[in-house]
Amino acid sequence: MKLAEALQERADLNRKIQQLQSRLMNNATVQEGEEPAEDPKALIGELNGSVDRLQWLMTKINLTNCQTVVEGKSLTEWIAERDCLSIKIEKYRSLINNASNLAGRAAHTEIKVMSAVNVRELQQQLDAMCKTLRLVDNRIQQSNWSTDLLEK
């Protein structure tokens, strides 16, 4: 199994677990004399099996990410870089939006609001970070489809 396939299965399992939780809640109680639409014991068994499979996949994915080296870094390092770049990009966008939103004055006696940062310079830095993020994400995605999931 390729790493990308394991990641897809992990996402599917997470969705399935959420759906099972909802189905369990819908069938946890019934009116006296009625039967639930689905057997809660069977749903619990399906939930347990799904969580067990998820645990196995998460372990294998994490081990594979740690042991797979791409251009001198483990996939775990590339993922951390991507995630932190995403955080930084989000914060820069918020800063740029805030610094660009200068309120107009209705009269000359009102206080003039000025940007305390160079928006153009920040936007250039943001654009460079976005390009780097795309390249890092492409590197990760390419590796995911060319790397076999460790079976150890």
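This write-up is about the structure you can find in this document. All of these numbers come straight from a predicted model, not from anything done at the bench.

With that out of the way, let us pick up helix H4 (residues 119–146). Its 28 residues place the ends of H4 40 Å apart at the C-alpha level, agreeing with the 40 Å of an ideal helix rising 1.5 Å per residue. Residues of H4 that are buried make contact with helix H1 (3–27), strand S1 (69–70) and helix H3 (75–100). By the N-cap criterion, in which a side-chain oxygen at the helix start approaches the backbone nitrogen of a residue two or three places on, H4 is capped by Asn 118, the distance to Arg 120 being 3.2 Å.

All right, on to the nonpolar core then. In this structure, Leu 3, Ala 6, Leu 57, Ile 61, Trp 78 and Leu 149 are the most contacted members of the largest nonpolar core, which totals 13 residues. Listed by contribution, the elements that provide at least two residues to this core are H1, helix H2 (40–67), H3 and H4. When residues in this core are grouped by element, the largest group, four residues, is from H1. The residues contacting Leu 149, other than those within four sequence positions of it, are Met 1, Lys 2, Leu 3, Ala 6, Trp 56, Leu 57, Lys 60, Ile 61 and Thr 64. Membership of the second largest hydrophobic core comes to eight residues, among which are Leu 85, Ile 89, Leu 126 and Cys 130.

Here the focus is the packing of H1 against H2. Packing of H1 against H2 leaves a shortest axis separation of 9 Å and a crossing angle of 155°. In terms of their interaxial angle, H1 and H2 are classed as roughly antiparallel. As for the relative orientation of H1 and H2, their crossing is left-handed in sense. Broken down by class, the residue content of the contact of H1 with H2 amounts to 16 nonpolar, five polar and six charged.

Let us now look at unusual backbone geometry. The phi angle at Glu 71 is positive, at roughly 50°, despite the residue not being glycine. Residue Glu 71 is classed as exposed on the basis of its relative accessible area of 62%.

Opposite charge on two side chains lets them pair, provided their charged atoms get close. Under the definition given, this model contains ten salt bridges. A salt bridge links Lys 2 to Asp 148, with the shortest nitrogen-to-oxygen separation between them at 3.0 Å. Taken together, the positions of Lys 2 in the segment before H1 and Asp 148 in the segment after H4 put the pair 146 residues apart, joining distant regions of the chain. Among the residues examined, Lys 2 registers a relative accessible area of 27% and is labelled partly exposed. The partner of Asp 83 in a salt bridge is Arg 82, and the shortest N-O contact between them spans 3.5 Å. Look at the salt bridges and you will find they share partners, linking Arg 82, Asp 83 and Asp 137 into a network.

So, how was this worked out
Residues numbered from 1 in each chain as written. Predicted model: local features only at pLDDT ≥ 70, side-chain atom pairs only at ≥ 80, totals over all residues. Heavy atoms only, no water. Helix = DSSP H or I, 4+ residues; strand = E, 2+ residues; numbered from the N terminus. Expected span 1.5 Å × (residues − 1). Contact = heavy atoms within 4.5 Å. Polar contact = N/O pair within 3.5 Å; in protein donor to acceptor, adjacent residues only side chain to side chain. Core = buried A, V, L, I, M, F, W, Y, C linked by side-chain atoms within 4.5 Å. Buried < 20%, exposed > 50% of the residue type's maximum accessible area, 1.4 Å probe, protein only. Axes fitted to C-alpha atoms, helices over the stretch in contact; angles between N-to-C directions. Parallel < 35°, antiparallel > 145°, perpendicular 65-115°, else oblique. Left-handed = near helix turned anticlockwise from the far one by under 90°. Nonpolar A, V, L, I, M, F, W, Y, C, P; charged D, E, K, R; others polar. Salt bridge = Lys/Arg side-chain N within 4 Å of Asp/Glu carboxyl O.

Read these as geometric descriptors, not functional statements.
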